[in-house]
Amino acid sequence: MGRRRRQEEPTPEETTTTTSDSGGHDGGGMMGNGCYIYPVTALETAPLNNPDVIYNRGIYMNGVMNMDDGRNVTIWGFTDGGHQGGGDTGSMGGGGMGGGSVFPSPAMRVTQGQIVQTRLNVPMHMYHTIHHHGIEPEYRSDGVGHLSGDVNGNYTYQWKPAHAGTYFYHCHTNTVLHAEMGMYGALIVDPPEGPGTAFENGPSYDVEAVWAVDEIDSSWHNLGWTAGTCGGDVGLHDLNPDYFIITGVDGAQSALTAPGIAVDMNRGQRLLVRYICAGYLPQEIRFGGLNVDIVASDGRPLPNSVRVDKINAVSAERYDIIIQPSSRGSYTVEIDIKDWITGNVLGTARTRINVS
Amino acid sequence: MNRRNFLKFSSAGIASAMLGTTGLISWVPRAHAATIRKTYYITEGFITQPDGVDVYFRGFSSSSNSLNAPGEHIIAQEGDTIDITIVNTLGSSHSFVVDGMVDSGRISGGQTRRLIFEARNPGTHLYYDGRNAPYNRVTGLHGGLAVMPDGRDDQLFAGSRRFEKQYFWIFNDCDPAWNNAVRNGQTPSNNFTPRYFTLNGLSGRPPGAPGSGVGTIDSMHDPRTALHGHLGERTLVRCLNAGMAQHSVHTHGNHMEWLTSNGQPRPDVWLKDIIPLDGDAGSMDFIYPFEPAPDAWPPMTNATLQQAKNQGRHSAYPMHLHDEMTQTAGGGLYMFGALTDIFFEPN
């Protein structure tokens, strides 16, 4: 059990605590005994309107991801409490985890201009949020812990996406840990033309894939949700990943053939890859020798598309990539995850584009 | 060396020495070139980090009894003469370098050196100690130099997109083991593993935390760092990275207009909510447009901002690095790292 501190106890500046706090091992913990050392912002409610789309999200803290080497890693995420309106979200989760939990968390898919509500329910003994990354709502719907507020109980975020493109959503409470634990999912905004067009008056596509590429430091995945917020050193400054994954599937082997990640397409078809740098470390993605066209990034069309054979990205960047192979074959896509200081490759996740 | 011989600074003391001189930049263009004079004192001391740990730093300081890390910024106009005096109060040798403009060479301990050079290459530059690279720079001996294009007060370089006001954001990563080695005249022997992450020398204090809202401690409220803008008040942010790690600069509320990387104009201006900032003295410039948050519903207007203010609420969004290890201090303390706030103000 982690060290706990009441709010009237010494401030960070007043203490030189060198506790060996492990962060509690109290995954899911208890709010009354939580390690927060400062009061949590009281949530304010933004004016709510009649929504076109509602997503209901809950919390799971007991997911397990099966790795190719036989090990299991604990995963946290958002459960799908159902939705009203919005697009099909069934194909964008990666690994099924049993009990209705998926990793990444179930995707949201809406149309530009719709009024959307995300209704989050958090068990009363912990805090989480949903930040719709790249979506820029009124600040009370921004979902940032301690700024726009941490949630326990129920809270409704409201937003009306103005730009089609690729986004994602993630927890923004003790973010360094909660996002690493897997609390994220894809968020797609379609243009008025609907799925099949990248953005308003943008290029069309026949096949679509979401590659959320992430690294996992399994040593972090034994921490409790409040880890580090006591002020003890729990190692959250130092990420040393040992797994490299694509959309919730181990990139060592499984992602090479995982349905929905490995792409099967016909020559002449156009593929839209929605690439999300879901980890914290820099990545370099190569496309097996294929030249690709970047048409948008971070939910905004580029003034001019750019033809490349690799892309370097940093944490949370998204790139919308059109690929139209001219030759049949199986192209191995490799994503190197690099050390943020040396640039050395720490690991590589792989998948394939199979063109028949 | 006895620690008692060193100056010890709270971050408050440091910031007050710099207030109004780093970060938010004032500038009025001139028809004729001028001479910009500055004196920097190379000093040393300890800075208390958010977890209470004192860490050794050096800086290009504004006086012999202060410690500025980063140093006060310099702003000049293309063609100006920059007249810098460096007073090395320490026993160790240092230098003053701006790539492409000036390199003092060795300034031995106790020496004073005057440097006169022309402001060239409109844009954002790092001044730094080039000796014992990169250790002296990472230990605090760095600052920002802005060179404005001739006769302009609203462009980063001739032909760039226009802005109304400008800030410096100077990021740094700190591995205390490296700083301690520099203090002892040694070459660090460990791989760089940063434990503290700063923006203009400060780190965040989330609401409710001790020091929150105190601009001399809290990077989220430091007036040199936190952006304040009315709707449409386009704001240039000059980003420099004195540290070693590559970062991911993320703004909420608006996308950024990405103008440059490492001093080079981008071929096209992309609208991004994430922009890479390279490690080891990388740089990047962007404009934060202060447009109404595009996905707000009901829409953001001056009236809604005024209403929020009348109700005692801030319409504020964070900027934080998305390589989230940077949001910690001493291995924990989420939100005590390199971040700030962006305040949308009513007219």
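In this text the structure is predicted, and so the values were computed from the model without any measurement. (Residues numbered from 1 in each chain as written. Chains lettered and ligands numbered in written order. Predicted model: local features only at pLDDT ≥ 70, side-chain atom pairs only at ≥ 80, totals over all residues.)

**What about the sheet that holds strand E7 (residues 131-133) of chain A?**
All names here are of chain A.
Here's step 1: The 4 strands lie next to each other as E5-E10-E9-E7, forming an open sheet whose pairing is mixed. Lying at the two open borders of the sheet, with one neighbouring strand each, are strand E5 (105-111) and E7. Pairwise comparison of adjacent strand axes, ignoring direction, gives a mean angle of 25° for this sheet.
Here's step 2: As judged from the 5 bridges shared by E5 and strand E10 (residues 184-190), these two strands associate in the parallel manner. Its bridge partner being in E10, Val 110 is matched across the sheet by Val 189. (Pairing = 2+ DSSP bridges. Helix = DSSP H or I, 4+ residues; strand = E, 2+ residues; numbered from the N terminus. Axes fitted to C-alpha atoms, helices over the stretch in contact; angles between N-to-C directions.)

**Concerning the pairing of strand E14 (residues 235-241) of chain B**
The two faces of a sheet get side chains in turn, since along a regular strand they alternate between them.
Residues and elements named next belong to chain B.
Here's step 1: When you tally the buried positions in E14, you get 7 out of 7 residues, the bulk of the element.
Here's step 2: Side chains Thr 235, Val 237, Cys 239 and Asn 241 project from E14 onto one buried face, and the interleaved Leu 236, Arg 238 and Leu 240 project onto a second face that is buried too.
Here's step 3: Looking at chain direction, strand E11 (residues 165-174) and E14 are connected through 7 bridges and run parallel. In the sheet register, Phe 171 faces E14, and the bridge partner there is Asn 241.
Here's step 4: As paired strands, E14 and strand E19 (residues 283-288) are joined by 6 bridges and run antiparallel to one another. Its bridge partner lying in E19, Thr 235 is registered against Tyr 288. (Buried ≥ 20, exposed ≤ 12 C-beta atoms within 10 Å, placed from the backbone.)

**With respect to the domain arrangement of chain A**
Interfaces are often described in size by the accessible area the parts lose on coming together.
All names here are of chain A.
Here's step 1: Domain boundaries assigned for chain A yield domain 1 (53-203) and domain 2 (213-355).
Here's step 2: Here domain 1 and domain 2 have C-alpha centroids that lie 18 Å from each other.
Here's step 3: Of all the elements in the fold, those that place two or more residues in the side of domain 1 that touches domain 2 are strand E2 (72-84), strand E9 (165-170), helix H1 (175-178) and E10. (Domains from an automatic or database assignment.)

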